[in-house]
Amino acid sequence: MEPPFGRVLSAMVTPFAEDGSLDLDVAAALARHLVDEGGHDGLVVNGTGGEGPTTTDAEKRELVRAVVEAVGDRASVVAGVGTFDTRHTLELAGQAADAGAHGLLVVTPYYSKPPQRALLEHFTRVADSTPLPVMLYDIPHRAGTEISTATLLELGRHERIVAVKDAKVDLVATTRVVAETGLAYYCGDDAATLPMLAVGGVGVVGTSTHFCGPQTAELVRAHLAGDVGGALALHRRLLPVYTGVFATQGVSMVKGTLRRLGRPVGRVRPPMVEATEEELDTFWRQLDGAGLL
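Rules used throughout
Residues numbered from 1 in each chain as written. Predicted model: local features only at pLDDT ≥ 70, side-chain atom pairs only at ≥ 80, totals over all residues. Heavy atoms only, no water. Pairing = 2+ DSSP bridges. Helix = DSSP H or I, 4+ residues; strand = E, 2+ residues; numbered from the N terminus. Axes fitted to C-alpha atoms, helices over the stretch in contact; angles between N-to-C directions. Buried < 20%, exposed > 50% of the residue type's maximum accessible area, 1.4 Å probe, protein only. Right-handed = clockwise from strand over helix to strand, strands pointing away. UniProt positions renumbered as here; feature names shortened; annotations may be inferred. Contact = heavy atoms within 4.5 Å. Phe/Tyr/Trp six-rings, centres within 6.5 Å; stacked < 30°, edge-to-face > 60°.

### With respect to the sheet that holds strand β4 (residues 103-107)
Adjacent strands of a sheet form backbone hydrogen bonds with each other and so pair up, either parallel or antiparallel.
Phase 1: An order of β1-β2-β3-β4-β5-β6-β7-β8 is seen for the eight strands of this closed barrel, with the pairing classed as parallel. Neighbouring strand axes in the sheet, compared pairwise and without regard to direction, differ in orientation by 25° on average.
Phase 2: Note that strand β3 (residues 76-80) and β4 share three bridges and pair parallel. When the sheet's bridge partners are listed, A79 is paired in β4 with L104.

Laid out in structure tokens, this is it:
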């Protein structure tokens, strides 16, 4: 399957200045780094890893515009627009399209735990409202409810619903949905990238990929070329990094590590807190052990 948004994407962190305001210059520089040096052919902005819950609608719009301008046609830019309010999600979808996004990431409405028929209506209304291709985001441990297999099979019939970011990692269900719909499955849990590729996935929307994008791209290429041993060796080498980035919240670990690497991405916004020095030291050793420093 030719992937609609590329093979390796990161849920890019959102840089803030010292006063806590959005830093568009650093965001553009980080986007260029990830695409031109970091092995990415796509970026997700305004996702959870980009602190979308704590950025304003205006900040979201400006961030999409800045990242699109920074990477041009060298990578896909997918804008996170999902909320627990269908009306607000439709508004964000419209402004993302106007800002130049190439696609939309729409998470399951969270906290209120809508039933499956409500999810079907919610995602359909979003897809009906936009000219952009849509990636569904299935992450029940955060949202509170899953997108069921039956609902995914139904949504897969919509011409603009083209992909799923899957952080549920039910490989049996994934196998069925891919086979019966053709939806492009992107792994949403870094450590499960190779297993998901094995059942028909097309790539990853990662967190640790801020640091191991080229190696993850190599893993994907090895798998696609039928080099099972090469892909498995890369998976084993990168596994401590894939899991270690989540020893605390991923955004905190990524921002703290990027600052150590000289990228002034700023601090996280409350209620998030910074990774501790001990947590960062451990992750630093894992990066070093994988040959990434």
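### Examining the pairing of β4
Phase 1: Most of β4 sits inside the fold, with five of its five residues counted as buried.
Phase 2: Taking every second residue as pointing to the same face, both faces of β4 are buried, with G103, L105 and V107 on one and L104 and V106 on the other.
Phase 3: Traced from β3 through helix α3 (residues 86-98) to β4, the parallel crossover comes out right-handed.
Phase 4: Examined bridge by bridge, β4 and strand β5 (residues 134-138) share four bridges and lie parallel to one another. Paired with V107 across the two strands is Y137, which belongs to β5.

### Some thoughts on the UniProt feature "site: Part of a proton relay during catalysis" (unreviewed entry) in the chain
Phase 1: Here, UniProt's "site: Part of a proton relay during catalysis" (unreviewed entry) annotation points to T48 and Y111.
Phase 2: Considering the arrangement of structural elements, one finds T48 in the loop between β2 (42-45) and α2 (57-71).
Phase 3: Among residues more than four places away in sequence, those in contact with T48 are P53 and R142.
Phase 4: By secondary structure assignment, the location of Y111 is in the loop between β4 and α4 (116-129).
Phase 5: The contacts of Y111, once residues within four sequence positions are left out, are F84 and A143.

### What about the packing of aromatic side chains?
Phase 1: Tallied over the entire structure, the rule returns three aromatic pairs.
Phase 2: An angle of 35° between the planes, with centres 4.9 Å apart, marks the rings of F84 and Y110 as tilted. Within this pair, whereas F84 is found in the loop between β3 and α3, its partner Y110 is found in the loop between β4 and α4, the two being separated by 26 residues in sequence.
Phase 3: Judged by relative accessible area, Y110 falls into the partly exposed class, the value being 30%.

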